[in-house]
Amino acid sequence: MTAVRLALVSICALLLCRTAWTYDSEAGRQKADKACALCHGKGGVSQQPSVPSLAGQRDRYIILALYQFRAGNRPSAQMAQFAASLSDDDIGDLAAYYSGLRPWRPTRKISVEAASAGPALAQHKNCVPCHGGPGLSGQEHVPRIAGQRIDYLTAQLRLFRAATRGDIDGNMTSAANNASDKDIDMLADYISGLSTP
Ligand code: HEC
Ligand code: HEC
């Protein structure tokens, strides 16, 4: 608990103090093209099932995620090495760049079953109010998840349920805590096909 509180305090400090600074999205684009596009796709739209898209993601969430990888609070075989060398300014520039892009589009169609059961399940499990309303486009530090890749969503929900995914405030671990495999499959199917501007 103490570790979680400490992480929370430093993130808040980072987010609040830093929003007063101006970040350079052009510098962010150059860094992204060099170091991130290989996996996250050119323009932040991923072509790889297990890699999330970043185009149009909330800036606060991108900062939070990079900070968590860098601090080792969100374990990731692939991201750890890339986040380790980023300065606070790099993180701000990258967040300014990616959050300013037009959001990614869904890469698949929702199945008939998930189209009918998904909206009520997402509402019932409180995904909707936290993730920015029925369009699930995120808010503040809560990520946009609409149209994100299905394999990635499924993997993240399983990690939260197993309590092994970095989780800034513990909310997602509780949200996924009593989700069945079927719930997770249904939610990932529905959310990954959801088209939100
Ligand atoms: C070798 C491939 C690879 C490279 C290069 C890479 N990433 Fe990632 N990134 C991943 C993977 C895979 C994930 C998903 C986390 C996981 O499963 O480990 C991820 C996750 C993220 C996330 C969290 C997104 C979310 O929705 O939670 C952010 C932000 C991110 N990367 C930014 C960057 C930035 C910025 C760079 C360049 C400095 C970069 N990545 C370079 C593979 C990569
Ligand atoms: C109380 C608020 C809250 C609720 C309820 C909630 N979430 Fe989240 N969710 C968050 C926050 C905050 C994060 C970022 C956590 C972090 O990275 O530390 C997150 C992260 C995620 C991620 C990871 C996204 C990424 O890009 O890595 C997924 C997927 C997700 N939520 C799906 C859901 C689903 C599906 C539900 C409903 C079952 C749900 N969430 C309910 C707040 C919430």
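In this text, all values refer to a predicted model and were calculated from it rather than measured experimentally. Throughout this document, residue positions are counted from 1 along each chain, in the order its sequence is written. For naming, the first written chain is A and the first written ligand is 1, with later ones following in the order written. At least 70 in pLDDT is required for a residue's local features to be given in this predicted model, at least 80 for side-chain atom pairs to be given and counted, and no such filter applies to totals for whole chains, interfaces and linings, which use all residues. Note that the side-chain values use all heavy atoms of the structure and ignore hydrogens as well as water.

Undergrad: Explanation requested: the site of ligand 2 in the structure shown.
TA: In the neighbourhood of ligand 2, 27 residues make up the surrounding shell, with C127, C130, H131, Y152 and M172 lying closest. In the model, a nitrogen atom of ligand 2 is placed 2.8 Å from a nitrogen or oxygen of the H131 side chain. The contact in question runs from an oxygen atom of ligand 2 to an N or O atom on the side chain of R165, over 2.8 Å. Per element, the largest residue contribution to the shell around ligand 2 is 5 residues, and it comes from helix α9 (residues 150-161). Side-chain classes follow a simple rule in which Ala, Val, Leu, Ile, Met, Phe, Trp, Tyr, Cys and Pro form the nonpolar group, Asp, Glu, Lys and Arg form the charged group, and the remainder, Gly included, forms the polar group. A breakdown of the residues in the shell around ligand 2 according to their chemical character gives 16 nonpolar, 6 polar and 5 charged. Nearness is defined per residue: one heavy atom within 4 Å of the molecule or strand is enough. For the purposes of these results, a polar contact is taken to be a pair of N or O atoms within 3.5 Å, where, inside protein, one atom must be able to donate a hydrogen and its partner to accept one; residues adjacent in sequence count only when each atom of the pair is a side-chain atom. Put simply, DSSP marks the helices as runs of H or I at least four residues long and the strands as runs of E at least two long, and each gets a number from the N terminus on.

Undergrad: Would you mind showing me how to read the coordination of the iron atom of ligand 2 here?
TA: The textbook angles at a metal center are 109.5 degrees for a tetrahedron of four donors and 90 or 180 degrees for an octahedron of six. Around the iron atom of ligand 2, the protein contributes the donor atoms H131 (NE2) and M172 (SD), at 2.0 Å from the metal centre. Sodium, potassium and calcium take a 3.2 Å donor cutoff, other metals 2.8 Å, and in both cases only N, O and S atoms count; water is not among them, so sites may look incomplete. Each label reflects the angles at the metal, where four donors whose angles all fall between 85 and 135 degrees are tetrahedral, four or six donors whose opposite pairs open beyond 155 degrees and whose other angles stay between 65 and 115 are square planar or octahedral respectively, and the rest are irregular. Around the iron atom of ligand 2, the 6 donor atoms sit at angles spanning 84 to 179°, and that spread fits a shape best called octahedral. In this pair, H131 sits in the loop between α8 (127-130) and α9 while M172 sits in helix α10 (residues 171-177), placing the two residues 41 residues apart along the sequence. Under the relative-accessibility criterion, H131 is labelled buried at 8%. Whether a residue is buried, partly exposed or exposed follows from its accessible area with a 1.4 Å probe, protein chains only, as a fraction of its type maximum: under 20%, in between, or over 50%, in that order.

Undergrad: Mind showing me how you'd approach unusual backbone geometry here?
TA: The phi angle of most residues is negative, glycine excepted, and most peptide bonds adopt the trans form. Phi angles above zero are rare outside glycine, and N126 is one such case at about 65°. In this fold, N126 is placed in the loop between α7 (112-124) and α8. Phi is positive for E140, close to 50°, though the residue is something other than glycine. Its location among the elements puts E140 in the loop between α8 and α9.

Undergrad: How do you make sense of the site of ligand 1 when you look at a structure like this?
TA: Ligand 1 sits among 20 residues. The nearest are C36, C39, H40, S76 and M79. H40 places a polar side-chain atom, nitrogen or oxygen, 2.8 Å from a nitrogen atom of ligand 1. A distance of 2.4 Å separates an oxygen atom of ligand 1 from a polar side-chain atom of S76. Looking at the shell around ligand 1, the elements with two or more residues in it are α3 (37-40), α4 (59-71) and α5 (79-84). Of the residues forming the shell around ligand 1, the biggest block, 4 residues, is contributed by α4. Here the residues of the shell around ligand 1 are counted per class, giving 14 nonpolar, 4 polar and 2 charged.

Undergrad: Even after reading the chapter, I still don't get the packing of aromatic side chains, so can you show me in this structure?
TA: To describe a pair of aromatic rings, one takes the distance between the centres and the angle between the planes. Note on ring pairs: Phe, Tyr and Trp rings are taken, using the six-membered ring of Trp, and paired if centres are within 6.5 Å. Classes follow the plane angle, with under 30 degrees stacked, over 60 edge-to-face and the rest tilted. Going through the model one piece at a time under the given rule, you end up with 1 aromatic pair. Plain terms: the ring middles of Y97 and Y98 are 4.9 Å apart, the flat faces sit at 50° to each other, and that makes the pair tilted. According to the relative accessible area criterion, Y98 is buried, its value standing at 4%.

Undergrad: I'm lost on the packing of α4 against helix α6 (residues 88-99) in this one. Help?
TA: The relative placement of two packed helices comes down to the angle between their axes together with the axis-to-axis distance. Each axis is a line fitted through C-alpha atoms, and for a helix only the stretch in contact is used; angles between axes span 0 to 180 degrees, taken between their N-to-C directions. Interaxial distance between α4 and α6 falls to 8 Å at its minimum, and their mutual angle equals 140°. In this structure, α4 meets α6 at a crossing whose hand is right-handed. The segment α4 lies against α6, with D59, I62, I63, L66, Y67 and R70 engaging D88, I91, A95, Y98 and S99. Tallied by class, the residues present in the contact of α4 with α6 amount to 7 nonpolar, 1 polar and 3 charged. Put simply, a crossing is left-handed when the front helix is turned counterclockwise from the back one by less than a right angle, and right-handed when it is turned clockwise. Residues count as neighbours in contact if any of their non-hydrogen atoms are within 4.5 Å of one another.

Undergrad: Explanation requested: the nonpolar core in the structure shown.
TA: It is characteristic of soluble globular proteins that their nonpolar side chains tend to be buried jointly. Side-chain atoms within 4.5 Å are what join buried Ala, Val, Leu, Ile, Met, Phe, Trp, Tyr and Cys residues into a set we call a nonpolar core. Membership of the largest hydrophobic core comes to 18 residues, with the highest contact counts inside it found for A122, L136, L187, Y190 and I191. Of all the secondary structure elements, the ones that give two or more residues to this core are α7, α8, α9 and α11 (181-193). Leave out the neighbours within four places in its chain, and L187 touches L121, A122, C127 and L157. Ranked by size, the runner-up nonpolar core spans 17 residues in total, among them L54, Y61, I63 and M79.

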